[in-house]
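Structural description and commentary
Below are the chains, spelled out letter by letter.
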Amino acid sequence: MPATDRVRRAVFVDGVRTPFGRARKDGLYAHTRADDLAVKTVRELLRRHPALDPARVDEVAIAATTQQGDQGLTLGRTVGVLAGLPRSVPGYAIDRMCAGAMTAVTSVAATIGVGGADVAIAGGVEHMGHHPMGFEADPNPRFLSEKLVAADALNMGVTAENLHDRFPHLTRDRADAYGVASQRKYADALAAGRIDPDLVPVALRDPERGWGLATADEPPRPGTTVEAIRTLPTPFRPGGRVTAGTSAPLTDGAASCLVAAEETAVALGLPVRMRMVSFAYAGVEPEVMGIGPVPATRRALDRAGLTIDDIGLFEINEAFAVQVLAFLDAFGIADDDPRVNPYGGAIAIGHPLASSGVRLMTQLARQFEEHPAVRYGLTTMCVGLGQGGTVVWENPHHADYVPTAANGADK
């Protein structure tokens, strides 16, 4: 059967990321180019899968929120060339702010589904030390003059405060407890060896300190306590509820993954770590952008013919604790549900905007291997300017998983 006569199944083959660094003048990557971070992840994917002929890569999609300087010049193409892919491999850049890498993955998966590609690389990079969020952006004055969005909708921290306002039961105490739990879960996962396998070391050169090697995430603060968080200031509003302890820190980093048609992966001897079941994006009021994952998840579940009760693992991006709590409350999930972010999240690890979607996917794939009894999981995140994105995945280690070839499709 020709590929164009059916929708092919896209699978997640593998994902890697750089260690994440703090976006500041003395951070890990203060003297490292953003595009070089992305190149490092692409090269590592190719190194880990020598059976994949680089010429078989049909597309490279790399996201960045601020597409200028070392994050500009059509990243998918430039990163592919710099990574040593053949000149015949095309590429493009994507921007959906925080969901950039997620959109890169769903875009190439859709292309694979209709037969436009067999294998693709998708990912994202954000060097927030070089390119602060919104730097040199020029929002159209009509946004405010015509009252299309609220005046505070462009400040992500204020939108988190707005969520606390809208849902008073999402208290600062709950957010503080959630922030501490994220740090603890990450520290436990790191100690158990669950973080390092997905990291690719990055060589560093500092004009003053010389050469070094980034091998571990810089943002985490192990040993954080609720008592300590309670003393932190609320920078987005006097007497507010959002603090540095309940927010993802400004971060530099990159992540990339291999996505393929399932039959192609099998034919090439590539692992099938997850199957994409459905995905959806949804818009919400920009001033409460953190609620975006709720309608996106409902839409994705409906498209998959599933309910929230079918989901056994959740990877939710932690832009802010209150945003995660709003999602959990909407679906009746406890704040400390063990299915949610078992390795901790962005409050501990960091959130280099356009790259975080692939981090979520890479962690979910590893958790699927640890929990073969879980059939479905999802990755979800809020997006600046009022959006949400969700991808539903199936675990190939589950007893009821039916591979493409066994389902009667072309090999």
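Residues numbered from 1 in each chain as written. Predicted model: local features only at pLDDT ≥ 70, side-chain atom pairs only at ≥ 80, totals over all residues. Heavy atoms only, no water.

Here's the deal with the layout of surface pockets
Taken as a whole, the largest pocket spans an internal volume of roughly 1100 Å³. Along the walls of the largest pocket sit 44 residues, with Met128, Met133, Met156, Leu250 and Phe320 positioned nearest its centre. Grouping the constituent residues of the lining of the largest pocket by class yields 27 nonpolar, 14 polar and three charged. Lining the second largest pocket are 15 residues, and of these Val7, Arg8, Met276, Val277 and Phe279 sit closest to its centre. Counting residues per element, the ones that place at least two in the lining of the second largest pocket are α3 (100-113), β9 (274-283) and α9 (293-304). The biggest single contributor to the lining of the second largest pocket is β9, with five residues. For the lining of the second largest pocket, the class distribution of residues is nine nonpolar, two polar and four charged. (1 Å grid on protein atoms, 1.4 Å probe; cavity = no way out; pocket = protein on both sides within 12 Å on 5 of 7 lines; lining within 4 Å. Points joined across faces, edges and corners; volume = space filled by probe spheres on them. Nonpolar A, V, L, I, M, F, W, Y, C, P; charged D, E, K, R; others polar. Helix = DSSP H or I, 4+ residues; strand = E, 2+ residues; numbered from the N terminus.)

What to know about helix α5 (residues 156-166)
Across the 11 residues that make up α5, a large majority, nine, are buried. Residues of α5 that are buried: Met156, Gly157, Val158, Thr159, Ala160, Glu161, Asn162, Leu163 and His164. At its buried positions, α5 is contacted by α6 (172-191) and α10 (321-330). Its side-chain oxygen at 3.0 Å from the backbone nitrogen of Gly157, Asn155 defines the N-terminal cap of α5. (Buried < 20%, exposed > 50% of the residue type's maximum accessible area, 1.4 Å probe, protein only. Contact = heavy atoms within 4.5 Å. Polar contact = N/O pair within 3.5 Å; in protein donor to acceptor, adjacent residues only side chain to side chain.)

Some thoughts on the UniProt feature "domain: Thiolase N-terminal" (unreviewed entry) in the protein chain
The feature "domain: Thiolase N-terminal" (unreviewed entry), as given by UniProt, occupies residues 11-262 in the numbering adopted here. Structurally, residues 11-262 comprises 31% helix and 19% strand, and the distance from its first C-alpha atom to its last is 6 Å. (UniProt positions renumbered as here; feature names shortened; annotations may be inferred.)

So, the nonpolar core
Within the largest apolar cluster, 41 residues are counted, with the highest numbers of intra-cluster contacts made by Val105, Val259, Met274, Met361 and Trp393. Those residues in contact with Val259 that sit more than four places away from it in its chain are Ala10, Val11, Val105, Val108, Ala109, Ile112, Asp118, Val119 and Ala120. Formed by 37 residues, the second largest nonpolar core is a distinct cluster that contains Leu170, Val242, Val340 and Val392. (Core = buried A, V, L, I, M, F, W, Y, C linked by side-chain atoms within 4.5 Å.)

Notes on the state of the cysteines
Applying the stated criterion to the full structure yields zero disulfides. The structure places no disulfide on Cys98, whose sulfur is separated from the nearest cysteine sulfur, that of Cys382, by 5.9 Å. As a non-bridged cysteine, Cys257 has Cys98 as the owner of its nearest cysteine sulfur, 18 Å distant. Take Cys257: its relative accessible area is 0%, and that puts it in the buried class. (Disulfide = S-S within 2.5 Å.)

Description of the environment of Leu45
With respect to the secondary-structure elements, Leu45 resides in helix α1 (residues 34-48). Taking the C-alpha atoms as reference, Leu45 lies 14 Å from Ala55; in sequence the two are 10 residues apart. Excluding residues within four positions of it along the chain, Leu45 makes contact with Asp14, Gly15, Val16, Ile121, Ser256, Cys257 and Leu258.

Describing the packing of aromatic side chains
All told, the structure shown has four aromatic pairs when counted by the stated rule. Relative to Trp393, the ring of Phe12 lies with its centre 6.0 Å away and its plane at 80°, an arrangement referred to as edge-to-face. Placement of the pair is Phe12 in strand β1 (residues 10-17) and Trp393 in strand β12 (residues 387-394), with a sequence separation of 381 residues. Given a relative accessible area of 0%, Phe12 falls into the buried group. With a relative accessible area of 1%, Trp393 lands in the buried category. Members of the aromatic cluster, connected to one another through ring pairs, are Phe314, Phe327 and Phe331. (Phe/Tyr/Trp six-rings, centres within 6.5 Å; stacked < 30°, edge-to-face > 60°.)

Points about empty space enclosed by the protein
According to the stated counting rule, one finds two cavities of 30 Å³ or more in the structure shown. If you add up the space inside the largest cavity, you get close to 50 Å³. Every residue along the wall of the largest cavity is listed here: Arg17, Arg194, Ile195, Asp198, Arg359, Thr362 and Gln363. Counting residues per element, the lining of the largest cavity draws most heavily on helix α12 (residues 356-370), at three residues. Residue classes in the lining of the largest cavity are distributed as one nonpolar, two polar and four charged. The volume enclosed by the second largest cavity comes to roughly 30 Å³.

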